[in-house]
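Letter by letter, the chains look like this.
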Amino acid sequence: MLRDRKIWIMMVLSVSMVSVLLLSCAQTKTYTEEELGLRHETLYDESSSSPVHGDPITKEAGASTRFERAFENSPPLIPHDITGMLPIARTENLCMGCHMPKEAVSIGATPIPKSHLTDFVTGKDLDGELAGIRYNCMQCHVIQTELTPAVKNIFKGGFRDDKGHYRSNLIDNLNEGVTAE
Ligand code: HEC
Ligand code: HEC
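Residues numbered from 1 in each chain as written. Chains lettered and ligands numbered in written order. Predicted model: local features only at pLDDT ≥ 70, side-chain atom pairs only at ≥ 80, totals over all residues. Heavy atoms only, no water.

Peer 1: Give a description of the overall build of the protein that names residues and reports values.
Peer 2: Secondary structure assignment for the protein yields five helices and four strands. Starting at the N terminus, the α and β elements of the protein follow one another as α-α-β-α-α-β-β-β-α. Taken over the C-alpha trace, the protein has a radius of gyration of 29 Å; the compact-globule value for 181 residues is 16 Å, which it surpasses by more than 25%. Seen through its principal axes, the protein has C-alpha atoms that stretch 100 × 55 × 35 Å. Taken across its 181 residues, the protein has 15% of its residues classed as buried. Pairs at least 24 apart in sequence give 54% of the contacts found in the protein among residues at least 6 apart. Element-wise, carbon and sulfur atoms account for 59% of the exposed surface of the protein, whose accessible area totals about 15,000 Å². Averaging the positions of the 18 positive and the 24 negative side-chain charges in the protein gives two centres separated by 8 Å. (Helix = DSSP H or I, 4+ residues; strand = E, 2+ residues; numbered from the N terminus. Rg over C-alpha atoms; globule rule 2.2 N^0.38 Å. Buried < 20%, exposed > 50% of the residue type's maximum accessible area, 1.4 Å probe, protein only. Contact = heavy atoms within 4.5 Å. Areas by Shrake-Rupley, 256 points an atom, 1.4 Å probe, with all protein chains shown as cover. Lys, Arg positive; Asp, Glu negative; His and termini not counted. Charge placed at Lys NZ, Arg CZ, Asp CG, Glu CD.)

Peer 1: Give me the lowdown on the layout of surface pockets, citing residues and values where you can.
Peer 2: It is the rolling of a water-molecule-sized probe over the atoms that shows where space remains empty. In this structure, the largest pocket occupies an estimated 1,100 Å³ of space. Along the walls of the largest pocket sit 42 residues, with P76, H99, T110, I112 and H141 positioned nearest its centre. For the lining of the largest pocket, the element with the highest residue contribution is helix α3 (residues 94-99), accounting for four residues. (1 Å grid on protein atoms, 1.4 Å probe; cavity = no way out; pocket = protein on both sides within 12 Å on 5 of 7 lines; lining within 4 Å. Points joined across faces, edges and corners; volume = space filled by probe spheres on them.)

Peer 1: Provide a residue-level description of a nonpolar patch on the surface, including the pertinent values.
Peer 2: A surface patch of nonpolar side chains, about 510 Å² in accessible area, is lined by Y31, L36, L43 and Y44. Among the structural elements, Y31 can be located in the loop between α1 (2-27) and α2 (33-36). Overall, the relative accessible area of 53% leaves Y31 in the exposed class. (Patch = residues over 30% accessible without salt bridge, like charges linked within 9 Å, V, L, I, M, F, W, Y side chains within 5 Å. Salt bridge = Lys/Arg side-chain N within 4 Å of Asp/Glu carboxyl O.)

Peer 1: Tell me about the packing of aromatic side chains, residues and numbers included.
Peer 2: Ring pairs (aromatic) are described by centroid distance and by the angle formed between their planes. Counted by the stated rule, this structure contains one aromatic pair. Here F71 and F155 contribute two aromatic rings whose centre-to-centre distance is 6.3 Å and whose plane-to-plane angle is 85°, an arrangement assigned as edge-to-face. Taken together, the residues F71 in the loop between β1 (55-56) and α3 and F155 in the loop between β4 (145-146) and α5 (170-173) connect sequence positions 84 residues apart. Residue classification places F71 among the partly exposed residues on the basis of a relative accessible area of 37%. Using a relative accessible area of 56% as the deciding quantity, one classes F155 as exposed. Above the face of the Y31 ring, K29 is positioned so that its terminal group lies 4.6 Å from the ring centre. The positively charged end of R134 is found above the aromatic ring belonging to F120, 5.2 Å away from the centroid. (Phe/Tyr/Trp six-rings, centres within 6.5 Å; stacked < 30°, edge-to-face > 60°. Lys NZ or Arg CZ within 6 Å of the ring centre and 35° of its normal.)

Peer 1: Break down the pattern of salt bridges for me, citing the residues and quoting the values.
Peer 2: Counted according to the given criterion, the structure contains three salt bridges. Between K114 and D125 there is a salt bridge; the shortest N-O distance is 2.6 Å. On the criterion of sequence distance, the pair formed by K114 in the loop between α4 (101-107) and β2 (118-119) and D125 in strand β3 (residues 124-125) is long-range, its members being 11 residues apart. What makes K114 partly exposed here is its relative accessible area of 39%.

Peer 1: Requested: an account of the site of ligand 2, with residues and values cited.
Peer 2: Around ligand 2, 24 residues are found, and the nearest of them are S115, H116, C137, C140 and H141. Between an oxygen atom of ligand 2 and a side-chain N or O atom of R69, the distance comes to 2.9 Å. One of the side-chain nitrogen or oxygen atoms of H141 is found 2.7 Å away from a nitrogen atom of ligand 2. Cavity membership is defined here by more than half of the atoms lying within 2 Å of grid points; on that basis ligand 2 lies in the largest pocket. (Near = heavy atom within 4 Å. Polar contact = N/O pair within 3.5 Å; in protein donor to acceptor, adjacent residues only side chain to side chain. Sits in = over half its atoms within 2 Å of the grid points.)

Peer 1: Now, about the nonpolar core: what can you tell me, with residues and values included?
Peer 2: Ranked by size, the top nonpolar core spans five residues in total: M96, M100, I112, L117 and L130. Setting aside anything within four residues of it in sequence, one finds L130 in contact with M96, M100, I112, H116, L117 and Y135. (Core = buried A, V, L, I, M, F, W, Y, C linked by side-chain atoms within 4.5 Å.)

The structure is reproduced here in structure tokens:
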């Protein structure tokens, strides 16, 4: 008697499992290889796909328009052509030629900020000298290129002060919230 009941329960279970399986098969949407990736091409052949780098800015320094900062105290994007300015070498840094505070004013370039003229390890003001870790500008500042992103960027940077959209003030609020005894 008990055995019969067991068999019966097993049968009901297997029938329901099969129907769940059939139902889920019927609802599964399949995607082609071309639909899977962001570049809409087969994933097995890369011969016709090339990365999109966009068109670099061609406006010369002095004739370009500065970009709004991405968020408060973010490193500003380079808005001008940098052809011929690289590489930054030990003996030559053309960026400094225009952006060191003394030169920048007459050229109309944004002066290198105080944060770059301070030794962050010791906190020492370097009296107008550039801190060594800031020498390679391209490590943090990049040029802007025109392209249509594959995925829309919905990031919205925060600013506490309206001025922050076009200028930085990191050195003033670097220690915000820090109590050094
Ligand atoms: C010939 C002078 C000159 C040289 C060389 C130069 N810049 Fe500039 N830069 C400018 C000027 C002028 C501006 C302001 C925008 C304009 O008028 O084109 C500027 C703007 C910028 C900005 C945007 C600042 C802001 O407030 O948004 C950054 C970042 C920048 N330059 C980085 C660099 C880097 C990095 C290099 C070296 C690869 C460099 N620049 C070389 C003149 C120069
Ligand atoms: C380690 C990263 C780093 C390096 C290297 C660096 N910067 Fe910056 N830069 C930043 C950041 C972050 C900011 C914004 C916050 C601040 O002011 O420090 C900034 C801000 C600036 C600004 C805007 C100043 C303002 O008042 O709005 C200029 C101009 C600039 N940098 C030029 C340069 C140049 C030229 C070099 C190379 C000599 C350089 N930076 C190297 C990270 C860097």
